[in-house]
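Single-letter residue listing:
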Amino acid sequence: MGTGLFVIVAAQVVAGGWLTTWDVGTLEWFVAHRSDGWSTAAREFTFFGNPGRATVVAAAVAGFVGWRARDWRAAALIAGTVAGAAFAGAILKQVLDRPRPPAGTRMTVVTNMSFPSGHAGATTALVGVVLLTYLSSRPGRLRGWGAVALGAVLVITMCLTRLYLGVHWLTDVVGGTILGGTAVAIAAVAQAHWRPRFGKAPGTGPVDIVTAGEKPLADTARRTPPGNNGDGPAPNQTDGMNRR
């Protein structure tokens with residue numbers, strides 16, 4: 001589904017279709033609402049969304065997950081997802097060759113092409129795959145929803161900074177977000193393949209729970225002689241006492 005959405009957006013961008021009609025108006029709105037404080041904040045925040053830096057951050061997170069949780073498959077998934085999204089975005093920029101917004105609107109220096117947004121794609125992939133790994137540990141409903149909300153805020157904020165700084169069209173960040181989301185979807189399929197019980201290690205199954213202090217029923221049956229209900233002596237013991 002994600003691939004299909006990306007193809008639709010990319011086709012609209014190449015053909016100048018109806019989806020691109022919002023691009024100019026969105027850019028003009030952000031340019032008209034700039035301020036010194038917001039400009040500084042946007043520059044600082046967008047620094048961390050660079051695909052190269054996001055890949056380095058992903059490698060660091062992957063190393064921590066591999067060391068702390070001893071789960072090197074999850075570590076490889078984190079690093080591979082972000083690196084794959086960054087690489088795919090770089091290739092697509094060259095293939096689609098979409099020009100950036102006018103130089104007069106840009107607040108940072110950019111040298112490559114516009115579609116899809118590498119910052120949006122890499123940030124979505126990084127946040128998404130980290131969330132995927134975290135949620136697989138079953139953190140609880142409140143913490144899970146809190147993590148999802150925080151992730152959404154980070155991705156949306158990154159997209160807004162790219163529009164605010166005048167370096168991307170609206171459809172650029174939409175395409176980048178879809179690309180990063182597609183990478184996360186592929187990672188989710190891979191994770192489900194080796195974690196069929198979602199968060200349990202392969203080969204683990206349900207555990208029989210025995211009440212503390214009680215013996216299993218089967219064990220009690222093995223230890224109780226035939227004909228005895230466990231409340232008194234066995235029949236042969238009673239006969240022996242009567243004969244005496």
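The notes below deal with the structure included here. Remember, it's a predicted structure, so these values are computed and weren't measured experimentally.

All right, on to the environment of Asp-97 then. Residue placement: Asp-97 occurs in the loop between α5 (72-96) and α6 (118-135). Given the relative accessible area of 45%, Asp-97 is considered partly exposed. Separated by 16 residues in the primary sequence, Asp-97 and Met-113 place their C-alpha atoms 5.8 Å from one another. Apart from residues lying up to four places away in sequence, Asp-97 is in contact with Leu-92 and Met-113.

The next thing to look at is helix α4 (residues 51-69). In this model α4 runs 26 Å from its N-terminal to its C-terminal C-alpha over 19 residues, within 8% of the 27 Å that 1.5 Å per residue would give. Looking at α4, one finds that the buried residues are Pro-51, Ala-54, Ala-58, Ala-62, Val-65 and Gly-66. The arc that holds the buried residues of α4, viewed along the axis, is 110°, so those residues lie on one side. Among the exposed residues of α4, those oriented more than 90 degrees off its buried face are Val-56, Ala-60, Trp-67 and Arg-68. Residues of α4 that are buried sit in contact with α5 and α6. Positive phi shows up at Arg-70, right after α4, with a value of about 55°.

Before going further, it helps to examine the environment of Leu-154. As for its placement among the helices and strands, Leu-154 is situated in helix α7 (residues 141-164). The partly exposed category is assigned to Leu-154, whose relative accessible area is 33%. If sequence neighbours within four positions are ignored, Leu-154 has contacts with Phe-45, Thr-123 and Val-127.

Moving on: the packing of α7 against helix α8 (residues 170-194). Relative orientation of the contacting elements α7 and α8 amounts to 150°, with a least axis distance of 9 Å. Taken together, α7 and α8 sit at an angle that is classed as roughly antiparallel. As for how α7 packs across α8, the hand of that crossing is right-handed. Contacts between α7 and α8 pair Val-155, Cys-159, Arg-162 and Leu-163 from the former with Leu-170, Val-173 and Thr-177 from the latter. Here the residues of the contact of α7 with α8 are counted per class, giving five nonpolar, one polar and one charged.

Scoring rules and cut-offs
Residues numbered from 1 in each chain as written. Predicted model: local features only at pLDDT ≥ 70, side-chain atom pairs only at ≥ 80, totals over all residues. Heavy atoms only, no water. Helix = DSSP H or I, 4+ residues; strand = E, 2+ residues; numbered from the N terminus. Buried < 20%, exposed > 50% of the residue type's maximum accessible area, 1.4 Å probe, protein only. Contact = heavy atoms within 4.5 Å. Expected span 1.5 Å × (residues − 1). Arc of directions from axis to C-beta. Axes fitted to C-alpha atoms, helices over the stretch in contact; angles between N-to-C directions. Parallel < 35°, antiparallel > 145°, perpendicular 65-115°, else oblique. Left-handed = near helix turned anticlockwise from the far one by under 90°. Nonpolar A, V, L, I, M, F, W, Y, C, P; charged D, E, K, R; others polar.

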